[in-house]
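Close look at the chain arrangement
In case you want the letters, here they are:
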Amino acid sequence: MAAKPSWWLHIPEIRSMLADIRLPVIDRAAIEQLFGLGRRQAIELLNTFGGYQAGRTLLIGRDQLIARLDAIADSGDLRQEAARRERLAVTVENVRRTRESEAVRIPISPEIFSTRMRTLAAGVQLRPGKLEIEFAGTEDLLRKLFGLAQAVANDYAGFEQAAVGGAGREQIPA
């Protein structure tokens, strides 16, 4: 589905303003202001909505314009467009966050890849039901979390023992 004009999301406000205007016709300049359009876009909109020329002025009946806006609002396309734009905004925000996080570089030493539970960095303590990490800044926290993840990967049995104590594996109900 092609993107709809940006003014689609403002149809309720535009319609409300049109309802307050007691003029029988709306000209191009008013369309520009109401819809936030440039001259050419306003002319195109007027032609699409059935506007007419009176001398050198392009006009549309106020009631006719309101009816066209109501038809768009009632068609369901407006809801689809709002949902599409919301999905797009979420996707753009996710990409922005991903790019920010990908830009973070955590300096680590090669030894971290062989970390085991008994060799966790100072300030990382895992006891049954409790994890404590002391850190000095975000990079230090990320480095310690990475070290913990490596220790879990290298020493799962030691991780399980530290996390749940002598209880062994947690039972998951079937």
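Residues numbered from 1 in each chain as written. Predicted model: local features only at pLDDT ≥ 70, side-chain atom pairs only at ≥ 80, totals over all residues. Heavy atoms only, no water.

Right, let's talk about the overall build of the protein chain for a bit. For the protein chain, the count of helices and strands is 7 helices and 5 strands. Its helices and strands taken in sequence order, the protein chain reads α-β-α-α-β-β-α-α-β-β-α-α from the N to the C terminus. The C-alpha radius of gyration computed for the protein chain amounts to 31 Å, which surpasses the reference 16 Å derived for 174 residues by more than 25%, pointing to a less compact arrangement than a globule. Seen along its three principal axes, the alpha-carbon backbone of the protein chain occupies a region of about 90 × 40 × 30 Å. Considering only contacts in the protein chain between residues 6 or more positions apart, those separated by 24 or more positions represent 61%. Surface summary for the protein chain: the accessible area is close to 11,900 Å², and the carbon and sulfur share equals 54%. Mean positive and mean negative side-chain charge positions of the protein chain (24 and 22 charges, respectively) differ by 4 Å. (Helix = DSSP H or I, 4+ residues; strand = E, 2+ residues; numbered from the N terminus. Rg over C-alpha atoms; globule rule 2.2 N^0.38 Å. Contact = heavy atoms within 4.5 Å. Areas by Shrake-Rupley, 256 points an atom, 1.4 Å probe, with all protein chains shown as cover. Lys, Arg positive; Asp, Glu negative; His and termini not counted. Charge placed at Lys NZ, Arg CZ, Asp CG, Glu CD.)

In this section: the sheet that holds strand β2 (residues 52-54). Spatially, β1-β3-β2 is the arrangement adopted by the 3 strands of the open sheet, whose pairing is antiparallel. Two strands bound the open sheet, and with one partner strand each, they are β1 (25-27) and β2. Each strand axis lies, on average, 45° off the axis of its neighbour in the sheet, ignoring direction. By the bridge criterion, 3 bridges tie β2 to strand β3 (residues 57-61) in an arrangement that is antiparallel. (Pairing = 2+ DSSP bridges. Axes fitted to C-alpha atoms, helices over the stretch in contact; angles between N-to-C directions.)

What follows deals with the side chain of aspartate 140. Checked against the element boundaries, aspartate 140 lands in helix α6 (residues 138-154). Not counting residues up to four positions away in its chain, the partners in contact with aspartate 140 are Glu134 and Phe135.

Next up on the list: the confidence of the model for the protein chain. Model confidence for the protein chain is summarised by a mean pLDDT of 86, while 93% of its residues fall at 70 or above. Scored below 50 in pLDDT, residues 170-174 shows 1 contact in the model against residues more than four places distant or in partner chains. (pLDDT = per-residue confidence, 0-100.)

Next up on the list: the packing of helix α2 (residues 28-35) against helix α3 (residues 39-48). Following both chains from N to C, one finds α2 and α3 inclined at 105°, their axes separated by 9 Å at the closest point. Of the possible angle classes, the one that applies to α2 and α3 is roughly perpendicular. Of α3, the residues touching α2 (which contributes Arg28, Ile31, Glu32 and Phe35) are Arg39, Ala42, Ile43, Leu45 and Leu46. When its residues are assigned to classes, the contact of α2 with α3 shows 6 nonpolar, no polar and 3 charged. (Parallel < 35°, antiparallel > 145°, perpendicular 65-115°, else oblique. Nonpolar A, V, L, I, M, F, W, Y, C, P; charged D, E, K, R; others polar.)

Within this structure, the stated rule accounts for 4 aromatic pairs. Between tryptophan 7 and phenylalanine 49, the aromatic rings sit 6.1 Å apart at their centres with planes inclined by 90°, giving edge-to-face as the arrangement. Here the residue tryptophan 7 occupies a position in the segment before α1 (11-20), and phenylalanine 49 occupies one in the loop between α3 and β2, the gap between them amounting to 42 residues. One exposure class covers both tryptophan 7 and phenylalanine 49, and it is buried. Between the aromatic rings of tyrosine 156 and phenylalanine 159, the centroid separation amounts to 5.8 Å while the plane-to-plane angle is 50°, which identifies the pairing as tilted. Placement of both tyrosine 156 and phenylalanine 159 in helix α7 (residues 156-164) is noted, with a separation of 3 residues, approximately one turn of the helix. Following the ring pairs from residue to residue traces out a cluster consisting of Trp7, Phe35 and Phe49. (Phe/Tyr/Trp six-rings, centres within 6.5 Å; stacked < 30°, edge-to-face > 60°. Buried < 20%, exposed > 50% of the residue type's maximum accessible area, 1.4 Å probe, protein only.)

On to α3. When we look at burial in α3, the residues that qualify are Ala42, Leu45 and Leu46. Considered in projection along α3, the buried side chains sweep an arc of 100° and stay on one side of the axis. The outward face of α3, more than 90 degrees from its buried face, is lined by the exposed residues Arg40, Glu44 and Thr48. Buried residues belonging to α3 abut β1, α2 and β3. (Arc of directions from axis to C-beta.)

Let us now look at the pairing of β3. In terms of burial, β3 is a largely internal element, 4 of the 5 residues being buried. Pairing of β1 with β3, which is carried by 3 bridges, proceeds in the antiparallel orientation. Bridge pairing in β3 links valine 25 to glycine 61. In this structure, the hairpin formed by β2 and β3 is closed by a connection of 2 residues, where glycine 55 is found at a positive phi of approximately 70°.

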